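Structural overview for review
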Amino acid sequence: MGKRSRQRQKNQTAGRDSRDNDGWGAGYADIIKENKLFEHYYKELGLVPEGEFDLFMEAMREPLPATIRITGYKSHAKEILHCLKEKYFKDIQELEIDGQKIEAPQPLTWYPDDQAWHTNMSRKIIRKSPLLEKFHQFLVSETESGNISRQEAVSMIPPLLLKIEPHHKILDMCAAPGSKTAQLIEMLHSDMEVPFPEGFVIANDVDNKRCYLLVHQAKRLNSPCIMVVNHDASCIPTLNIDSDGKKDILFYDRILCDVPCSGDGTMRKNIDVWKKWTTSNSLHLHGLQLRIAVRGVEQLAVGGRMVYSTCSLNPIEDEAVIAALLEKSEGALELADGSADLPGLKWMPGVTSWKLMTKEGQWYSDWSEVPSSRHTQIRPTMFPPKDPEKLLGMHLERCMRILPHHQNTGGFFVAVLVKKAPMPWNKKYPKVPLSQTQIFNEEAAPKGASLAQESTTKQDGVCGPPPMKKMKLFGYKEDPFVFLTEDDPVFTTIQSFYNLSPDFPKLNVLTRTHEGKKRHLYMVSKELRNVLLNNSERMKVINTGVKVWSRNSDGEEFGCAFRLAQEGIYTLQPYIHSRIIRVSVEDIKVLLTQENPFLSKLEEDAHSQAKKLGMGSIVLKYIPNPNNPAEPQCPIQLCGWRGKTSIRAFVPRNERFHYLRMLGVEVFRDKQGLGQKRSDGEKEGKQEVDEEDKMEKVAEEEGSAQNEAELDMENGDENGSSLWVESTQVSTAASIVEMLMSTIFVYLHINRC
């Protein structure tokens, strides 16, 4: 793929970003929403039902509703939904602003279990009401903690059509910025009792910098089953795995092929498309889209499903790609009928005839009409198959077209492909020929370095990108992935201190350094470990694993050099049999609102448990009481530290917001910036406080540089802010001000290109 093609692919991701991340107001200057060529083209194609074209264009000019999705795999999803319905949505239903009643958010009828909602509230309206302002702050905070995703409605469709199960091996070919990737991870973890599902998600993107945005999105879900890689999707390498002691090729059970597109279905949000749209965009992208789709079905397992999707309504990017793919497959692929999979979703069937137009207005209905001077721009695969019988057998009507005016959404196209047999060009050679692998590796290796030399420098248990794949152009240099052995010295104290189960998978633990002390320990699933160890020469891994332990400065004096990390507590806790304190709702309120409370602040049961433990890292575990429905009905696990006379929770800022809200404590931001007195717990000995401050710094240090690049302050809200906690039962502590002030209004900023 040439430099120009790569740049074109990067430039054409605006549509995918726009539909993936539904913000709260576009922030664009007024743009005239007119494009005569666009109207002429789609009216001539007849893709909109007769008599509805004016409604279609009217909807395209209207702002897109904001949509949110509650993350489905977390045990807290029902609690968040309950909080939304009973607190915010109920209050909004009775609200009037300037004499006009506010329309309350409504659930998306086709999304399962009321887990997705949309609202027409604008940012202007939100600023006029303190109640709506609190609702907005709730959404921002819960988004950062990974419990809510702001995502355009149509973007939620492809993962649902994949029908993910926890054992599926999944490839997301063009994953950034990552909203759909998050859905895939959630579906893998549908059973929270299983810390390591058999399946995994490999999320890929061609743009190195966008991969770090993808990492940020995926990390919110704290899964050991996600790996972010950086490759051109049209030639993403075939991976190997060990299967019963033999080398085998990794074929995926599910593939999401959400390709770069012209994005004309995003005009309601990405307003810049109005003035930039031309038919040339689709002509330039068709070849890339087809190459990505072909590479996808090559790596799909027989019996697997691949969803192809775009946010373009142009048949050149949609049905033309699918028709060419089906024709190349010679019966190996079949279009699945998804009509019954999403009841309540309104969609139009795919079209079976179309023509294309140049930007000068010249129409062509068949390849034979195209002059030779246009053959480099227009290709035969852009036209419908000429054989009526072959066209009929493709069942292109099973493709799904989403039109904006039918359910107040963006425009979208999606098709589900099922692989019935190996691709015809893979039947003779089902495995990748050696020469192809050599070509890939020779391109990746430095000049003058042989493959033999590269393979001899590989260390056992070490997975890392080849030297030329470290993308020094942007300053990113990935550390290696070094798996620990079962007899690694770090496990000696960890095993005894936390009383780990005998079945704890030590081989799944990795670190990111060869030399010096191990600073952080991460865990991946057994299946991802298999992938990492067998593909270091052909794969550039950006990130994988969930952090489970962090080194504690001078921690040896407390019995263990590693403290627990909140990110991995739900993965790790099932294997821990000591250092656990069962806490009540009131205990958690104290721990999350006071920075360093005395042990005596805990209720009697928790206080008694804590006194029996020595200093060091602990698990604070809340188990719901089904006989008390007023309390949260989801388990809560927090990392903490048992000090000499105090106890402390080590929980990231936004997660503190989340847990406090689940406990009925309302957290909000006071724009007056009033200060508060310091809490009683802060009066304890300076040495202990300093030590714990060091640990908290370590806990929050990782990713801070990344967050600077990925997060932007909302305009006008950076200054003069402080935090308050309202509750009849809990006093406000200065720690909430200090820890949360800087980030309550920080939210993920997606470049709209």
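Residues numbered from 1 in each chain as written. Predicted model: local features only at pLDDT ≥ 70, side-chain atom pairs only at ≥ 80, totals over all residues. Heavy atoms only, no water.

This part is about the overall build of the chain. For the chain, the helix and strand inventory stands at 26 helices and 34 strands. Looking at the chain as a whole, 59% of its 753 residues qualify as buried. Considering only contacts within the chain whose residues lie at least 6 apart along the sequence, 78% involve residues at least 24 apart. Within the structure as shown, the chain displays about 31300 Å² of accessible surface, and the carbon and sulfur contribution to it stands at 49%. (Helix = DSSP H or I, 4+ residues; strand = E, 2+ residues; numbered from the N terminus. Buried < 20%, exposed > 50% of the residue type's maximum accessible area, 1.4 Å probe, protein only. Contact = heavy atoms within 4.5 Å. Areas by Shrake-Rupley, 256 points an atom, 1.4 Å probe, with all protein chains shown as cover.)

Time to look at the environment of Glu 52. Relative to the elements of secondary structure, Glu 52 occurs in the loop between helix H3 (36-45) and helix H4 (53-61). Note: C-alpha distance between Glu 52 and His 405 (353 residues apart in sequence) is 8.7 Å. Dropping the residues within four chain positions of it, Glu 52 is found in contact with His 405 and His 406. At 2.7 Å, the side chain of Glu 52 and the side chain of His 405 are in polar contact. (Polar contact = N/O pair within 3.5 Å; in protein donor to acceptor, adjacent residues only side chain to side chain.)

So, about helix H23 (residues 653-662). Counting along an α-helix, one turn takes 3.6 residues, and residues three or four places apart therefore face a common direction. Here H23 lies mainly inside the structure; nine of its 10 residues are buried. Looking at the residues trailing H23, positive phi occurs at Gly 664, about 90°.

Turning to the sheet that holds strand E6 (residues 148-150), a few remarks are in order. Here four strands make up an open sheet; going across it, the order is E4-E5-E1-E6 and the pairing antiparallel. Edge strands, defined here as strands with exactly one partner in the open sheet, are strand E4 (106-107) and E6. Bridge count for strand E1 (residues 66-70) against strand E5 (residues 116-119) is four bridges, and the pairing is antiparallel. Residue pairing across strands places Ala 66 opposite Thr 119, the latter belonging to E5. Taken strand by strand, helix H5 (residues 77-93) contacts E1, E5 and E6, and its axis lies near 140° from that of E1. Its contacts with the sheet put helix H9 (residues 179-188) on E1 and E6, and the angle it makes with E1 is roughly 25°. (Pairing = 2+ DSSP bridges. Axes fitted to C-alpha atoms, helices over the stretch in contact; angles between N-to-C directions.)

On to the pattern of salt bridges, then. Between side chains of opposite charge, a pair can form when the charged atoms approach closely. If you walk through the whole model with that rule in mind, you get 23 salt bridges. Note that Arg 61 is salt-bridged to Glu 39, the shortest N-O span being 2.9 Å. With Arg 61 in helix H4 and Glu 39 in helix H3, this residue pair connects regions lying 22 residues apart in the sequence. Here Glu 39 falls in the buried class, since its relative accessible area comes to 15%. Where Glu 595 meets Arg 648, a salt bridge forms, and the shortest distance between an N and an O atom there is 3.0 Å. Placement of the pair is Glu 595 in the loop between helix H21 (585-593) and helix H22 (604-611) and Arg 648 in strand E30 (residues 647-649), with a sequence separation of 53 residues. (Salt bridge = Lys/Arg side-chain N within 4 Å of Asp/Glu carboxyl O.)

For the rest of this paragraph, the subject is the UniProt feature "active site" (unreviewed entry) in the chain. When the UniProt feature table is mapped onto this chain, "active site" (unreviewed entry) is found at Cys 311. Along the chain, Cys 311 turns up in the loop between strand E13 (300-310) and helix H13 (319-329). (UniProt positions renumbered as here; feature names shortened; annotations may be inferred.)

This part is about the pairing of strand E12 (residues 252-258). In terms of burial, E12 is a largely internal element, six of the seven residues being buried. Relative to E12, strand E7 (residues 169-172) is paired through three bridges, and the arrangement is parallel. Bridging from a neighbouring strand, Leu 171 pairs with Ile 255 of E12. As defined by bridge partners, E12 adjoins E13 across six bridges and the pair is classed as parallel. Within E13, the position partnered with Ile 255 by the bridge is Met 306.

What follows deals with the UniProt feature "binding site: S-adenosyl-L-methionine" (unreviewed entry) in the chain. The UniProt record marks Cys 174, Ala 175, Ala 176, Pro 177, Gly 178, Ser 179, Lys 180, Asp 205, Asp 232 and Asp 258 with the feature "binding site: S-adenosyl-L-methionine" (unreviewed entry), using the residue numbering of this structure. A relative accessible area of 3% places Ala 175 in the buried class. In contact with Ala 175, other than residues within four places in its own chain, are Thr 181, Ala 203, Asn 204, Asp 205 and Leu 214. Mapped onto the secondary structure, Asp 258 falls in strand E12. Residue class for Asp 258 comes out buried when judged on its relative accessible area of 1%. Looking at Asp 258, its side chain comes within polar contact range of the side chain of Lys 180, at 3.2 Å.

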